[in-house]
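# Descriptive structure summary
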Amino acid sequence: MGDFVAPRILADHLRRHPGERLRMRVGNTAELVGPLDGGEIDLALVEGSFDRASFESETFSREPFVAVAAAGARPASVADLLGMRLVLREKGSGTREILERHLAARDLAVGDFAGVIELASIPAIKACVAAGAGVSFLYRVAVEGELGAGMLADVTPADFAVEHDFSLIWQRGSRYAPRWRALLREWRGQETERAPA
């Protein structure tokens with residue numbers, strides 16, 4: 001999320017509010033929840049699971065989760081991709097957690113693929129897959145440019161229609177909750193304005 005959506009949101013926000021000072025920290029869900037709980041950061045935009053008893057949240061967007069490779073057609077089943085190497089995020093990332101959960105629902109696991117490459121960066125994953133190293137599962141918003149340019153192919157299996165929420169979270173009971181909700185509405189509006197008609 002931090003690599004591909006947050007910078008765009010922040011740039012739009014600063015155009016509308018040039019006097020504000022912002023600091024952004026990029027990390028996987030597990031790396032952001034700790035500092036949020038400790039009061040080091042005010043809010044986090046996450047894709048992974050979080051403790052709903054500790055944090056309030058609102059959905060920023062619902063995003064399709066797709067399989068991509070350097071080339072290829074859409075197979076009928078996730079099992080048809082198991083002969084490929086899987087390129088994925090590190091443990092603790094929301095992207096990996098979502099993939100593992102949906103594989104488990106099909107009695108599959110990361111280890112069932114022909115091999116596994118773990119990388120902590122979405123741009124590195126995309127480059128590795130585009131170079132032909134294997135298949136990855138990422139949010140469509142993260143790969144739209146590469147799909148449009150023909151650098152990656154959408155090989156999402158017919159039996160893998162998955163969408164997941166990006167959520168803005170903050171400490172439960174925060175007196176700033178109305179401000180965070182208003183900020184989220186503004187950010188969603190910015191994204192709606194950006195979407196092609």
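Treat the numbers as computed from the prediction; the structure is a model and nothing was measured. (Residues numbered from 1 in each chain as written. Predicted model: local features only at pLDDT ≥ 70, side-chain atom pairs only at ≥ 80, totals over all residues. Heavy atoms only, no water.)

### Remarks on the overall build of the chain
Put simply, the rule is: Runs of E in the DSSP output that reach at least two residues are strands. Runs of H or I that reach at least four are helices, and both are numbered from the N terminus. With the radius of gyration taken over C-alpha atoms, the globule rule is written as 2.2 Å times the number of residues to the power 0.38. Burial classes follow relative accessibility: with a 1.4 Å probe on protein chains only, a residue under 20% of its type's maximum area counts as buried, one over 50% as exposed, and anything between as partly exposed. Each accessible area value is a Shrake-Rupley result obtained with a 1.4 Å probe; residue values ignore everything except the protein chains displayed when judging cover. The charged-residue count follows a simple rule in which Lys and Arg add positive charge and Asp and Glu add negative charge, with His and chain termini not counted at all. To locate a charge, the coordinates of NZ of Lys, CZ of Arg, CG of Asp or CD of Glu are taken.
From N to C terminus, the chain includes six helices and seven strands. Counted from the first residue to the last, the chain has its helices and strands arranged as α-α-β-β-β-α-β-α-β-α-β-β-α. By the compact-globule yardstick of 16 Å for 197 residues, the chain fits well, its C-alpha radius of gyration being 18 Å. Its C-alpha atoms give the chain principal-axis dimensions of roughly 50 × 35 × 25 Å. Counting all 197 residues of the chain, 46% fall into the buried class. As displayed, the chain offers around 9800 Å² of accessible surface, 50% of which is attributable to carbon and sulfur atoms. Looking at the chain, you have 24 positive and 28 negative side-chain charges, and the mean spots of the two groups are 4 Å apart.

### Thoughts on the side chain of Glu90
Rule in force here: Counting of polar contacts relies on pairs of N or O atoms within 3.5 Å, with two restrictions inside protein: one atom must be capable of donating a hydrogen and the other of accepting it, and residues adjacent in sequence are counted only when both atoms are side-chain atoms. Residues are treated as being in contact if the distance between any of their heavy atoms lies within 4.5 Å.
Within the element layout of this structure, Glu90 appears in the loop between strand E3 (85–88) and helix H3 (94–104). Under the relative-accessibility criterion, Glu90 is labelled buried at 16%. Only 2.7 Å separates the side chain of Glu90 from the side chain of Asn28, close enough to count as a polar contact. Residues contacting Glu90, with those up to four places away along its chain left out, are Asn28, Arg96, Glu118, Leu119 and Ala120.

### Details of helix H5 (residues 140–149)
Along H5, the residues that are buried comprise Val141, Ala142, Val143, Glu146 and Leu147. Tucked inside the fold, the buried residues of H5 contact helix H1 (6–16), strand E2 (55–69), helix H4 (122–130), strand E5 (136–139), strand E6 (153–154) and strand E7 (162–171). Gly150 sits one or two positions beyond H5 and adopts a positive phi of about 80°.

### Topic: the environment of Gly72
Relative to the helices and strands, Gly72 is located in the loop between E2 and E3. In this structure the C-alpha to C-alpha distance between Gly72 and Ala153, which are 81 residues apart in sequence, comes to 6.4 Å. Once residues lying within four places of it in the same chain are set aside, the contact partners of Gly72 are Ala153 and Val155.

### Some thoughts on the nonpolar core
The following threshold applies: Take the buried Ala, Val, Leu, Ile, Met, Phe, Trp, Tyr and Cys residues and link them wherever side-chain atoms come within 4.5 Å; each set so joined is a nonpolar core.
Ranked by size, the top nonpolar core spans 48 residues in total, and within it Phe60, Phe65, Val68, Leu86, Leu99, Phe113 and Phe137 carry the most contacts. Contributions of two or more residues to this core are made by E2, E3, H3, H4, E5, H5, E7 and helix H6 (177–194). Sort the elements by how many residues they give to this core and E2 lands first, with six residues. Among residues more than four places away in sequence, those in contact with Phe113 are Leu81, Leu82, Met84, Leu86, Leu103, Val135 and Phe137. Grouped together as the second largest cluster of nonpolar side chains are nine residues, Val33, Ala44, Val46 and Phe50 included.

### Points about the packing of aromatic side chains
For clarity, the cut-off: In this scheme Phe, Tyr and Trp rings, the latter by its six-membered ring, pair at centre separations within 6.5 Å, and the angle between planes marks the pair as stacked below 30 degrees, edge-to-face above 60, and tilted otherwise.
Per the counting criterion, the structure on display carries six aromatic pairs. Arranged with centres 5.2 Å apart and planes meeting at 65°, the rings of Phe65 and Tyr139 form a pair that is edge-to-face. Of this pair, Phe65 sits in strand E2 while Tyr139 sits in strand E5, and the two are 74 residues apart along the sequence. The residues Phe65 and Tyr139 share a single accessibility class, namely buried. Grouping aromatic residues by their ring pairs yields a cluster made of Phe65, Phe113, Phe137, Tyr139, Phe160 and Phe166.

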